[in-house]
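Report on the structure
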Amino acid sequence: MHIDPLEKKWAYISLGMAGMFVGIIMIDSFVHGIDAPSNVETIDSARLHLTKEFAEDNLGVQIDENGKITVRIVAARYGFFPKHVTVPAETPITFRWASADVLHGVHMPMTNMSTMIVPGYVSEVTTTFPKPAKYPLLCNEYCGMGHDHMWSNITVEAKETWQAPSITKTGEDTGNE
Amino acid sequence: MNDTAVKKLALSNFWVAFIAFILACFMGEYQVLERSGLFPPLESAQVYFASVSTHGVLMAYVLTTFFIMGFGYYTAATSLKRPIWNIKLAWIGFAVTLFGVVLAAIPLLTGRASVLYTFYPPLHAHYIFYIGAALLVVGSWVWCFIMIVMMNQWKKDNSGKPVPLAMFATVANALLWLWTSAGVAMEVVFQLIPFTLGWIDTIDPGLARTLFAWTLHPIVYFWLIPAYTAFYVFVPKQAGGYLFSDEMARAAFIVLVVFSLPIGFHHLYMDPEQAAGWKLLHGFGTFVVTLPTFITGFTVIASMEIAARLRGGKGLLSWIGSLPWTNPMVLAIILSLLMLIFGGFGGIVNASYAMNAMIHNTAWVPGHFHLIFAGTTVIMYFAIAYYLWPIMTGKALFSKKMALVQLWTWFIGMSILTTPWHILGLLGQPRRISSVEYNSILTLSWEPYEFAMIVGGLVLLGSACVFIYILVMTQFKATKSFSGEVEYASTYHPVKDLPEFLNSFSLWNKVIAGLMALSFAIPILQFFFMDTHGSSPWGY
């Protein structure tokens, strides 16, 4: 068996490049804590309105006594509910998404607020928006003939002017099971 | 050897592939026109999504599967210099696959299967669509089986000798396809068909997506392997030189098969039903599978350099000018490699776990896979057709000049189409919309790029028509006859003492089984241990 020395060198260089990319991903994940939405949490999509967490009154922006902000939004053909939310800039925001019907996806362009919304599962993404702006919120997975019309807006306000809703108690059972 | 029989078999497969291809090209151009919103009378979500679903099925399943089968049969017969084992069975496989396509086409074309080629339960299409898809896969397994039998019989008669590289690569692809298609086959047989026939009330989309991800990555290597095979076994000869390394080619095919399988979760990075650890594991494997492509780039470019220097090429890079640019195969590989470089760069962005969030499901993604599949891969399908048509039909190629123009226009059209497509993705445009309804100033920035895509699509459609025209004219109208055989490239260094692990797949099947168990067993089994809630069927 014959392997040219030059080709052997190239193979090592290629291996090094692949290793470098893997290294960058690992630094992102383990050091900077940037992970893909992967919470593996089930929910009954057919009875979302009966779950405590995604009942109508519970949707939208909530803040707990530690200042942790959670936004709960239901994706259902063909819209996001509640229709509009306002969150502060420069603050970590945890989004929790659930579908009431079929597969959806959601992306806020120019940000990493992106996740699939799979019926039967809750998707959770935590991100921080650096600047105040009005961001579109687009359904990015084919969900039926009205898919083009499935979109909404999120307003990101300056941290100082953002008005927090009243505090919600933590330690509460999410009531999903 | 009954040469006419295999030629007829191969040509029949190729024709089904290319008829599907040209129909899908017209749909592609309709889609960019419809989507742009510049032609209001065209706008219809119903027609658009039926068209997207059909375009995807025709290009990804019909063009590829039939091309690969035709190419495999002809490669097997010519590289092993023996007739197709059980050619009757091969025709039965062809008939079953074709029947599957026809079955699937009925609901697709009547708008009763607008669920895209990725199925997307709990949306449900007419059950005939899934049965057709299943038959398409089952028919192609016949081809896999024949390829494996032929290699084993040849090895028995030629013990100790290296299997010809072209056949080794073809069998690698057959094995890859058997492993690959198992995932989607399980989804279709155990989930989608019972679900759409009403035998089960609910479906777990999490499990369905996991099984589809099993198939979704290696399937692109199934499509790509014939292009790589042509890189190694045809190009060096066509360029006037030798294959730089036969052994490294085999190693590249093996790594491609082994590592393209356990990495499908990079399609699920943004999914909630799999945990981060599994996604990372599959992400690492995704970078391992870049290695055979880097090796292929090296070996193939080295082979071309040998050819160029034999032709009097000099200098560090100016030898490139001495390549026979007017040979369709050589031109195709140059353009193919150019598209591979840019497409590969985009692919690394997709594969990068956290960065993927910025472009997931945006227009960037179809931009990427059109560049890699319709660009890098399909341009080699063209070159293979131009090379084999005169040999198989006994008629000289209708016009070499026209073939060269066709290859150039395909490359130019693909550049005009996919560059704005990538940019649209960075500007946040979702990939699967039929019209832009968002009341946001962001959408104003999209318009010029959508216009450019229409132009790119038109160039590609014209190029595709020229391709079909050349094949038809060659086979049915040409008067000049042609006599020639397939010429496989010889190696620069003769292959000596080939270790058995580079001449057989028995070890590698075990490695694959181990890796698949490691990467998929728990992620699949978790759905049976978790408290999951199935989804009932939804129309669209």
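Basis of the calculations
- Numbering of residues starts from 1 in every chain and runs along the sequence as written.
- Both sets of labels track the order of writing: A upward for chains, 1 upward for ligands.
- Two thresholds apply to this predicted model, a pLDDT of at least 70 for residue-level local features and 80 or more for giving and counting side-chain atom pairs, whereas whole-chain, interface and lining totals are computed over all residues.
- Segments assigned H or I by DSSP are reported as helices when at least four residues long, segments assigned E as strands when at least two residues long, and all are numbered from the N terminus.
- Buried residues are those with 20 or more other C-beta atoms within 10 Å of their own C-beta, exposed residues have 12 or fewer, and partly exposed residues lie in between; C-beta atoms are placed from the backbone.
- Placing C-beta atoms from the backbone, we regard two residues as in contact once those atoms come within 7 Å.
- Just so you know the grouping, Ala, Val, Leu, Ile, Met, Phe, Trp, Tyr, Cys and Pro go in nonpolar, Asp, Glu, Lys and Arg go in charged, and all remaining residues, Gly too, go in polar.
- Axis definition: a line fit to C-alpha positions, over the contact stretch in the case of helices; interaxial angles, taken between N-to-C directions, run 0 to 180 degrees.
- Just so you know how the angles are binned, under 35 degrees is roughly parallel, over 145 roughly antiparallel, 65 to 115 roughly perpendicular, and the rest oblique.
- In this scheme the handedness of a crossing depends on how the near helix is turned from the far one: anticlockwise by less than a right angle means left-handed, clockwise means right-handed.
- In short, DSSP must find at least two bridges between two strands for them to pair.
- On a scale of 0 to 100, pLDDT captures the predictor's confidence in every residue.
- The domain limits used here are those given by an automatic or database domain assignment.
- Between the first and last residue of a helix there are one fewer steps than residues, each counted as 1.5 Å, and that sum is the expected span.
- In this scheme, the bend at a residue equals the angle between the axes fitted to the seven residues that finish there and the seven that begin there.

Quick notes on the overall build of chain A
Helix and strand content of chain A: one helix and 12 strands. Viewed in the frame of its principal axes, chain A has a C-alpha envelope of about 70 × 40 × 30 Å. By the burial criterion, 36% of the 177 residues in chain A qualify as buried. Put simply, 64% of the contacts in chain A that link residues at least 6 apart link residues at least 24 apart.

Some points on the overall build of chain B
Secondary structure assignment for chain B yields 17 helices and zero strands. When the backbone C-alpha atoms are referred to their principal axes, chain B occupies close to 60 × 50 × 45 Å. Within chain B, contacts between residues at least 6 apart in sequence are counted, and of these 85% link residues at least 24 apart.

Here we look at the interface of chain B and chain A
Every contact between the two is made by 67 residues of chain B and, on the other side, 56 residues of chain A. Looking at the side of chain B that touches chain A, the elements that each hand over two or more residues are α2 (45-80), α6 (205-216), α9 (246-260), α10 (276-288), α11 (291-310) and α13 (356-359) of chain B. When residues in the side of chain B that touches chain A are grouped by element, the largest group, seven residues, is from α10(B). A per-class count over the side of chain B that touches chain A returns 36 nonpolar, 20 polar and 11 charged.

Observations concerning the packing of helix α3 (residues 87-109) of chain B against helix α4 (residues 127-157) of chain B
All names here are of chain B. Remark: α3 packs on α4, axes separated minimally by 7 Å, with the N-to-C direction vectors making an angle of 160°. Classified by the interaxial angle, the pair formed by α3 and α4 is roughly antiparallel. Handedness of the crossing formed by α3 with α4: left-handed. Looking at the contact of α3 with α4 residue by residue, the classes come out as 21 nonpolar, six polar and no charged.

Examining the sheet that holds strand β8 (residues 114-117) of chain A
Residues and elements named next belong to chain A. Pairing is mixed in the open sheet, where five strands are placed in the order β5-β11-β10-β7-β8. Single-partner strands in this sheet number two, and they are β5 (84-88) and β8. Strand after strand, the sheet turns through a mean of 20° between neighbouring axes, direction not considered. Strand direction decides the pairing type here: strand β7 (residues 104-107) and strand β10 (residues 133-139), joined by two bridges, are antiparallel.

Let's talk about the confidence of the model for chain B
When the pLDDT values of chain B are averaged, the result is 95; 100% of them are 70 or greater. Interface confidence for the predicted complex, given as ipTM, is 0.93, next to a pTM of 0.96.

Considering the environment of L38(B)
By secondary structure assignment, the location of L38(B) is in the loop between α1 (3-36) and α2. Placed 240 residues apart in sequence, L38(B) and W278(B) show a C-alpha to C-alpha distance of 44 Å.

Structural notes on the domain arrangement of chain A
Per the domain assignment, the segments of chain A are domain 1 (1-35) and domain 2 (41-168). On a C-alpha basis, the centroid separation for the pair domain 1 of chain A and domain 2 of chain A is 37 Å.

Quick look at the environment of I301(B)
In this structure, I301(B) sits in helix α11. On a C-alpha basis, the gap between I301(B) and G428(B) in space is 37 Å, while along the polypeptide they are 127 residues apart.

Describing unusual backbone geometry
Going from R77(A) to Y78(A), the amide bond is cis rather than trans, its omega being -5°. Position of Y78(A) among the secondary structure elements: in the loop between β3 (69-76) and β4 (79-81). A cis amide bond links P121(B) to the next residue, P122(B), at an omega of 10°. Here P122(B) is to be found in the loop between α3 and α4. The phi dihedral of M110(A) is positive, around 75°, even though this residue is not glycine. Relative to the elements of secondary structure, M110(A) occurs in the loop between β7 and β8. The phi dihedral of F119(B) falls on the positive side, at around 75°, and the residue is not glycine. By the secondary structure assignment, F119(B) is in the loop between α3 and α4.

Here's the deal with the environment of M530(B)
Checked against the element boundaries, M530(B) lands in the segment after α17 (506-529). Considered as a pair, M530(B) and V511(B) are 19 residues apart in the sequence and their alpha carbons are 29 Å apart.

A word on the packing of α2(B) against α3(B)
Each pair of packed helices can be described by the angle between their axes along with the distance between the axes. All names here are of chain B. Where α2 contacts α3, the axes come no closer than 11 Å and their chain directions differ by 175°. On the basis of their axis angle, the class for α2 and α3 is roughly antiparallel. Counting all contacts with α2, which are made through A50, S53, T54, V57, V62, T65 and Y73, the residues of α3 involved are A90, T97, V101, A104, L108 and L109. Counted by class, the contact of α2 with α3 contains nine nonpolar, four polar and no charged residues.

Quick look at α2(B)
All names here are of chain B. The terminal C-alpha atoms of α2, which comprises 36 residues, lie 50 Å apart, in line with the 52 Å expected from a rise of 1.5 Å per residue. Of all bends in α2, the biggest is about 30°, found at L58. Burial runs high along α2: 31 of the 36 residues are buried. The positive-phi residue at the C-terminal boundary of α2 is K81, with phi of around 55°.

What about the pairing of β10(A)?
Across six bridges, β10(A) lies against strand β11 (residues 151-157) of chain A in antiparallel orientation. Bridging from a neighbouring strand, L137(A) pairs with S152(A) of β11(A).

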